[in-house]
Amino acid sequence: MRLTVIGCGYLGATHAACMAELGHEVLGVDADMDKVATLNSGEAPFFERGLDALLVKHTESDRLRFTASYAEAAAFGDLHFIGVGTPQNAGDNAYDLTQLFTAVRQLAPHLTAPAVVVVKSTVPVGTAPRVAELLRDLAPVGEEIELAWNPEFLRESFAVDDTLHPDRIVLGFNAHHTWAEKMLRQCFGEIIEAGTPTIVTDWATAELVKSSANAFLATKISFINAMAEVCEASGADVHQLAEALGHDTRIGRRGLGPGLGFGGGCLPKDIRGFMACAGELGADQALTFLREVDAINTRRRERMADLAREQCGGSPKSKRITIWGAAFKPGTDDVRDSPALAVAQKLHKLGARVTVTDPEALDNARKAHPELDYVEDPVAAAADADLLLHLTEWPQFDDIDPGRLATCVRTAKVIDGRGTLDPDRWREAGWTVRVLGRP
Ligand SMILES: NC(=O)C1=CN([C@@H]2O[C@H](COP(=O)(O)OP(=O)(O)OC[C@H]3O[C@@H](n4cnc5c(N)ncnc54)[C@H](O)[C@@H]3O)[C@@H](O)[C@H]2O)C=CC1
Ligand SMILES: O=C(O)[C@H]1O[C@H](OP(=O)(O)OP(=O)(O)OC[C@H]2O[C@@H](n3ccc(=O)[nH]c3=O)[C@H](O)[C@@H]2O)[C@H](O)[C@@H](O)[C@@H]1O
């Protein structure tokens with residue numbers, strides 16, 4: 001099949017490359033010319049395991065190309081995926097749908113033959129009819145454009161695998177759109193034939209599956225972090241608690257990791273956007289618990305800053321604090337709403353001299369927080385430190401010898417915000433170790 005993917009960020013670039021891997025001819029469209037050039041050279045504009053290899057393979061074989069031209073996109077094929085950003089509005093925390101409506105307005109006038117438009121971006125429920133109306137009004141063959149909703153559930157750092165082997169596929173249509181279903185079943189044929197559960201539903205349910213999935217994931221993380229607060233108050237160990245809870249198959253261990261809480265470009269903005277949307281629907285009471293989910297999450301960052309202050313003898317002013325981790329989680333260079341950088345910024349504001357290191361995210365971190373110091377090598381970053389904070393659990397940090405590190409720092413004190421360092425090993429090497437959520 002010949003298809004386009006409009007918006008080639010973390011979601012779209014991955015989707016485009018994976019669709020080429022499934023054997024389709026793909027044209028990616030992005031408004032950012034630098035991104036288009038980078039992608040055309042077979043390189044991802046961000047760090048995502050396995051993506052560069054697919055981009056090289058398929059740009060070289062001419063199965064995958066990128067452009068900024070909507071005219072070219074419309075002429076290329078009759079299946080158009082849209083994966084542009086839907087960030088949080090600064091004012092009211094609702095979704096900012098500017099990118100989505102702009103993309104639809106740019107594409108529609110070029111649709112001079114029947115086509116299927118498939119939205120993957122995460123939106124408030126009720127967006128699909130607005131997109132359909134725009135398509136009807138602006139496309140020369142408006143009545144012949146079918147709209148489908150296909151929410152995306154991939155995780156960054158597992159994006160390629162999650163796209164090629166998803167847990168499920170959700171397809172949302174309105175009553176009479178049979179061609180769109182046929183096209184999408186053909187497009188995802190290999191994945192569906194492999195036995196992937198495929199749920200066909202209406203637009204609103206498809207939109208809501210995505211919002212509620214992220215709300216559930218965020219709630220699960222905040223649940224275990226609420227338990228961490230109780231553990232901290234009672235002397236219990238939240239990591240052992242999570243392990244014990246997770247063996248109950250109704251609860252499950254995945255996504256129950258206690259620590260510094262959730263960040264990234266999706267979970268935080270999606271629970272806030274979902275609450276704003278429920279408010280507009282007059283169903284705000286249904287989601288008030290998400291306010292607490294958000295508050296618990298924010299408290300984790302404050303708790304970490306408080307612990308750091310405590311370990312600095314009451315004030316971090318003029319202390320050298322080294323932070324391992326800038327990405328919002330390991331395996332990505334994405335620093336959107338990064339818990340590690342939020343803590344770094346808090347301590348910087350309190351007068352600490354903060355040095356941050358990260359295997360992949362330093363360029364993005366520098367752009368987002370130019371006020372902090374950055375050092376590439378995690379051992380060099382810890383030179384003369386009064387305190388080390390482990391805030392993003394990159395496996396590379398586990399390989400560093402704490403004995404050698406103890407000779408570089410001024411005071412061998414570490415707080416593990418993710419609970420993945422081996423505390424016995426660090427203590428044996430002379431470190432004072434605190435683990436968030438452990439006595
Ligand atoms: N990042 C992720 O892991 C996932 C993201 N999502 C959702 O997917 C959507 C995209 O997210 P990301 O890829 O993270 O965002 P992103 O910000 O990385 O990518 C958006 C891309 O769209 C481009 N763009 C903006 N306006 C455009 C226009 N009018 N025409 C063409 N291109 C345009 C931007 O230049 C950028 O490259 C969001 O709704 C997000 O909630 C859903 C599942 C996973
Ligand atoms: O809508 C989206 O964009 C995506 O959001 C999340 O994916 P992602 O943000 O890539 O990352 P997760 O692995 O879910 O982690 C999110 C945050 O929660 C934290 N986390 C995760 C798991 C856990 O047990 N504990 C925990 O604190 C991570 O450190 C990270 O900061 C969802 O997992 C995806 O299904 C969804 O498609």
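Residues numbered from 1 in each chain as written. Chains lettered and ligands numbered in written order. Predicted model: local features only at pLDDT ≥ 70, side-chain atom pairs only at ≥ 80, totals over all residues. Heavy atoms only, no water.

- As recorded in an unreviewed UniProt entry, the protein goes by UDP-glucose 6-dehydrogenase and comes from Wenjunlia tyrosinilytica.
- As stated in UniProt under Catalytic activity (unreviewed entry), the record for the protein gives "UDP-alpha-D-glucose + 2 NAD(+) + H2O = UDP-alpha-D-glucuronate + 2 NADH + 3 H(+)".
- Here the protein is described in UniProt, under the heading Sequence similarities (unreviewed entry), as follows: "Belongs to the UDP-glucose/GDP-mannose dehydrogenase family." (UniProt positions renumbered as here; feature names shortened; annotations may be inferred.)

**What about the UniProt feature "active site" (unreviewed entry) in the protein?**
- Feature annotation in UniProt assigns "active site" (unreviewed entry) to the following positions: Cys266.
- On the secondary structure map, cysteine 266 appears in the loop between helix H11 (238-246) and helix H12 (267-281).
- Classification of cysteine 266 by relative accessible area gives partly exposed; the value is 35%. (Helix = DSSP H or I, 4+ residues; strand = E, 2+ residues; numbered from the N terminus. Buried < 20%, exposed > 50% of the residue type's maximum accessible area, 1.4 Å probe, protein only.)

**Some remarks on unusual backbone geometry**
- Although it is not a glycine, aspartate 62 sits at a positive phi angle of roughly 65 degrees.
- Tracing the chain through its elements places aspartate 62 in the loop between helix H3 (51-60) and strand E3 (64-67).
- Classification of aspartate 62 as exposed rests on a relative accessible area of 62%.

**What to know about the pairing of strand E6 (residues 145-149)**
- Within E6, five of the five residues are buried, leaving the element largely enclosed by the surrounding structure.
- Burial along E6 is two-sided: Ile145, Leu147 and Trp149 and Glu146 and Ala148, pointing in opposite directions, are all buried.
- As paired strands, strand E5 (residues 115-119) and E6 are joined by five bridges and run parallel to one another. Its bridge partner being in E6, valine 116 is matched across the sheet by glutamate 146.
- Each parallel crossover has a hand, and the one from E5 via helix H6 (residues 127-138) to E6 is right-handed. (Pairing = 2+ DSSP bridges. Right-handed = clockwise from strand over helix to strand, strands pointing away.)

**Structural notes on the domain arrangement of the protein**
- Domain assignment breaks the protein into domain 1 (2-196), domain 2 (211-296) and domain 3 (298-435).
- Using only C-alpha atoms to locate each centre, domain 1 and domain 2 end up separated by 29 Å.
- Interface area for domain 1 against domain 2, summed over the two sides, is near 920 Å², with a carbon-plus-sulfur share of 55%.
- A per-residue breakdown of the area domain 1 buries against domain 2 is headed by Gln88, Tyr95 and Val125, which together make up 43% of the total.
- Summed over the shared surface of domain 1 and domain 2, the result is three residue pairs in polar contact (both at pLDDT 80 or more). (Domains from an automatic or database assignment. Buried area = accessible area lost by both parts, 1.4 Å probe. Polar contact = N/O pair within 3.5 Å; in protein donor to acceptor, adjacent residues only side chain to side chain.)

**Examining the environment of alanine 340**
- Examined against the element boundaries, alanine 340 turns out to sit in helix H14 (residues 339-349).
- Sequence separation between alanine 340 and leucine 281 is 59 residues, and the spatial gap between their C-alpha atoms is 35 Å.
- If sequence neighbours within four positions are ignored, alanine 340 has contacts with Leu260, Ile323, Gly325, Ala326, Leu391 and Thr392. (Contact = heavy atoms within 4.5 Å.)

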